[in-house]
Amino acid sequence: MKYIILITCSVLMILALTTVLWAQSPPPPMLPLSPDQAPIDGGLGLLAAAGGGYALKKLRDRKKAEEKAMKDSNL
């Protein structure tokens, strides 16, 4: 008798939960929108200026190092 009540309760619970578990299907995918274009004129100019300044600094450092090496070798 216990098993019949247990099976009946289990079946009723499963049937009750199936109505709760119904879900909607996902909406159809949308067409892709055109991507926003990124402005590059301001940032690109800053990058070029920073690169030029860095190159000048490296050239000056190299020139100073060579002059110091020449001065030290002449002593």
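Residues numbered from 1 in each chain as written. Predicted model: local features only at pLDDT ≥ 70, side-chain atom pairs only at ≥ 80, totals over all residues. Heavy atoms only, no water.

With that out of the way, let us pick up the overall build of the chain. Scanning the chain from N- to C-terminus turns up two helices and zero strands. Here the chain holds 75 residues, and 0% of them are scored as buried. Counting only carbon and sulfur atoms, one obtains 71% of the accessible surface of the chain, whose full area is about 7,900 Å². (Helix = DSSP H or I, 4+ residues; strand = E, 2+ residues; numbered from the N terminus. Buried < 20%, exposed > 50% of the residue type's maximum accessible area, 1.4 Å probe, protein only. Areas by Shrake-Rupley, 256 points an atom, 1.4 Å probe, with all protein chains shown as cover.)

On to the pattern of salt bridges, then. In the structure shown here, the tally under the stated rule is one salt bridge. Across the pair Lys57 and Asp61 runs a salt bridge whose closest N-O atoms are separated by 2.9 Å. Taken as a pair, Lys57 and Asp61 lie in helix α2 (residues 41-74) at a separation of four residues, close to a single helical turn. (Salt bridge = Lys/Arg side-chain N within 4 Å of Asp/Glu carboxyl O.)

With that settled, consider α2. Taking 1.5 Å per residue as the helical rise, α2 with its 34 residues ought to reach 50 Å, and the 50 Å between its terminal C-alpha atoms agrees with that figure. The buried fraction of α2 is low, at zero of 34 residues. (Expected span 1.5 Å × (residues − 1).)

A separate point is a nonpolar patch on the surface. Together, Tyr3, Leu6, Ile7, Val11, Leu12 and Leu15 make up an exposed nonpolar region whose accessible area comes to about 670 Å². Relative to the elements of secondary structure, Tyr3 occurs in helix α1 (residues 2-20). Take Tyr3: its relative accessible area is 65%, and that puts it in the exposed class. (Patch = residues over 30% accessible without salt bridge, like charges linked within 9 Å, V, L, I, M, F, W, Y side chains within 5 Å.)

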